[in-house]
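Results of the structural survey
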Amino acid sequence: WAQRNDKLYFTVQVQDLTDDKVEIEGNKLHFSGTSHGKEYALDLELFGEVDKEGSTWSKLGRNLEMLLKKKDEGWWDRLTKEKVKMHNIKIDWSRYKDEDEADDDLKLDG
């Protein structure tokens, strides 16, 4: 996962995903799907609320890519509400920027 002031990038790596389902309600994210007969599911209570209408997701190759729009702009301290290390969730270093770098992007765009 990675974040910007107004959005989150979240990737689920599952090959040949079928019957995929993403549900967003407030700060809750639910994902489920099937790959080669095996069922996968993930339920997260996010650090803040997400705007379901402004969020998108699609299957790209081996991944389900999600772009989740934060309901309120701002930098989150972590992905989940609970301060617990989740070993199956990692930072997406290819998209990672810290809060200061994200501010630099805004200045370059304007």
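Relevant structure appears above.
Everything in this summary refers to the structure shown in the same document.

Definitions and cut-offs
- Residues numbered from 1 in each chain as written.
- Predicted model: local features only at pLDDT ≥ 70, side-chain atom pairs only at ≥ 80, totals over all residues.
- Heavy atoms only, no water.
- Pairing = 2+ DSSP bridges.
- Helix = DSSP H or I, 4+ residues; strand = E, 2+ residues; numbered from the N terminus.
- Patch = residues over 30% accessible without salt bridge, like charges linked within 9 Å, V, L, I, M, F, W, Y side chains within 5 Å.
- Areas by Shrake-Rupley, 256 points an atom, 1.4 Å probe, with all protein chains shown as cover.
- Salt bridge = Lys/Arg side-chain N within 4 Å of Asp/Glu carboxyl O.
- Buried < 20%, exposed > 50% of the residue type's maximum accessible area, 1.4 Å probe, protein only.
- Lys, Arg positive; Asp, Glu negative; His and termini not counted.
- Charge placed at Lys NZ, Arg CZ, Asp CG, Glu CD.
- Axes fitted to C-alpha atoms, helices over the stretch in contact; angles between N-to-C directions.

1. Remarks on the pairing of strand β5 (residues 38–45)
Where strand β4 (residues 28–35) lies against β5, eight bridges are found, and the strand directions are antiparallel. By the bridge assignment, threonine 34 is partnered in β5 with glutamate 39. The hairpin formed by β4 and β5 contains two residues between the paired strands, and histidine 36 there has a positive phi angle of roughly 50°.

2. Some details on a nonpolar patch on the surface
A cluster of nonpolar residues, Ile91, Trp93 and Tyr96, forms a patch on the protein surface that exposes about 340 Å² of accessible area. By secondary structure assignment, the location of tyrosine 96 is in the loop between β7 (63–70) and α1 (99–109). The exposure class of tyrosine 96 is partly exposed, given its relative accessible area of 39%.

3. Focus on the pairing of strand β6 (residues 50–60)
Of the pairings in the sheet, the one linking β6 to β7 comprises seven bridges and is antiparallel in character. Its bridge partner being in β7, leucine 60 is matched across the sheet by asparagine 63.

4. Things to note about a negative patch on the surface
On the surface, Asp77, Asp98, Glu99, Asp100 and Glu101 cluster together into a patch of negative charge. Topologically, glutamate 101 is positioned in helix α1.

5. Points about the sheet that holds β5
Neighbouring strands of a sheet are bound in pairs by backbone hydrogen bonds; such pairs are parallel or else antiparallel. If you trace the three strands from one edge of the open sheet to the other, you get β3-β4-β5, paired in antiparallel fashion. Strands at the two margins of the open sheet, each flanked by one partner only, are β3 (17–25) and β5. Put simply, the sheet's adjacent strands are angled 5° from each other on average, direction ignored.

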